[in-house]
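Listed below, chain by chain, are the residues.
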Amino acid sequence: MKKKKLLIVIGIVFLIVCAGLGAVLLYFKPQVTHGEFSFTLNYEINGEEKVLEDTIICDYDGIDIDEGRGIFRKWKAALGKGGSQIVLWKDEDDNGVKQEIYYNYAPPGYYMGDPEYSERNKYNASDVVLKKTYPDSTEELFVDEEELLDEYHIKIISWDCEQPIK
């Protein structure tokens, strides 16, 4: 008799946990899970003007949990022409350090209208990042307009992208 009661209690607890988890998953799943946002980036490198047109493809990637944010939606992004970064310049020095400068577009959650990301793009330190890949580590640094022009001879002219989902 005790075994039967124990099994019933365990079964009820299991059902409650499953129902709670299902409710969390349903609550956090957005109504729109896929979006495509066309953009045009005009920039100048070594005095030559370049125009890059592509699409940022954003997809819902489930939920995750951490101690800082609690439960949150995960998003992933890719570019229509391949990759995930808009690379403006690449080089490798004599010591084998690879460098690339890429345009830092907003995170995919911003474009998909996720409230957690709604203010994030306003606080980027820069729209341009210098990535240095050493043999044993990687470093990413924001680059301001002055350094970008003086040291790398790159000037961002304009960035036009479709508006995020509301």
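Preceding block: the structure.
Residues numbered from 1 in each chain as written. Predicted model: local features only at pLDDT ≥ 70, side-chain atom pairs only at ≥ 80, totals over all residues. Heavy atoms only, no water.

**Student:** Could you give an account of the sheet that holds strand 1 (residues 34-45), naming the residues involved and the relevant values?
**Tutor:** Across the sheet, 4 strands lie side by side as 3-2-1-8; this open sheet has antiparallel pairing. Of all strands in the sheet, those with a lone pairing partner are strand 3 (70-79) and strand 8 (154-161), marking the two edges. Across the sheet, the mean angle from the axis of one strand to that of its neighbour is 30°, orientation sign disregarded. Two elements, strand 1 and strand 2 (residues 48-66), share 12 bridges in a ladder whose sense is antiparallel. Residue pairing in the sheet places Gly35 in a bridge with Cys58 of strand 2. (Pairing = 2+ DSSP bridges. Helix = DSSP H or I, 4+ residues; strand = E, 2+ residues; numbered from the N terminus. Axes fitted to C-alpha atoms, helices over the stretch in contact; angles between N-to-C directions.)

**Student:** Describe in detail the pattern of salt bridges, supporting the description with residues and values.
**Tutor:** One pass over the structure, following the stated rule, counts 2 salt bridges. Notably, a salt bridge pairs Lys50 with Glu48, separated by 3.8 Å at the nearest N-O pair. Where Asp114 meets Arg73, a salt bridge forms, and the shortest distance between an N and an O atom there is 3.3 Å. Linking Asp114 in the loop between helix 2 (108-111) and strand 6 (128-133) with Arg73 in strand 3, this pair joins segments that are 41 residues apart in sequence. Using a relative accessible area of 5% as the deciding quantity, one classes Asp114 as buried. Exposure remark for Arg73: the relative accessible area of 17% places this residue in the buried category. (Salt bridge = Lys/Arg side-chain N within 4 Å of Asp/Glu carboxyl O. Buried < 20%, exposed > 50% of the residue type's maximum accessible area, 1.4 Å probe, protein only.)

**Student:** Describe a negative patch on the surface, with residues and values.
**Tutor:** On the surface, Asp127, Asp144, Glu145, Glu146, Asp150 and Glu151 cluster together to form a negatively charged patch. With respect to the secondary-structure elements, Asp150 resides in helix 3 (residues 145-152). Asp150 sits in the exposed class, given a relative accessible area of 52%. (Patch = residues over 30% accessible without salt bridge, like charges linked within 9 Å, V, L, I, M, F, W, Y side chains within 5 Å. Areas by Shrake-Rupley, 256 points an atom, 1.4 Å probe, with all protein chains shown as cover. Lys, Arg positive; Asp, Glu negative; His and termini not counted. Charge placed at Lys NZ, Arg CZ, Asp CG, Glu CD.)

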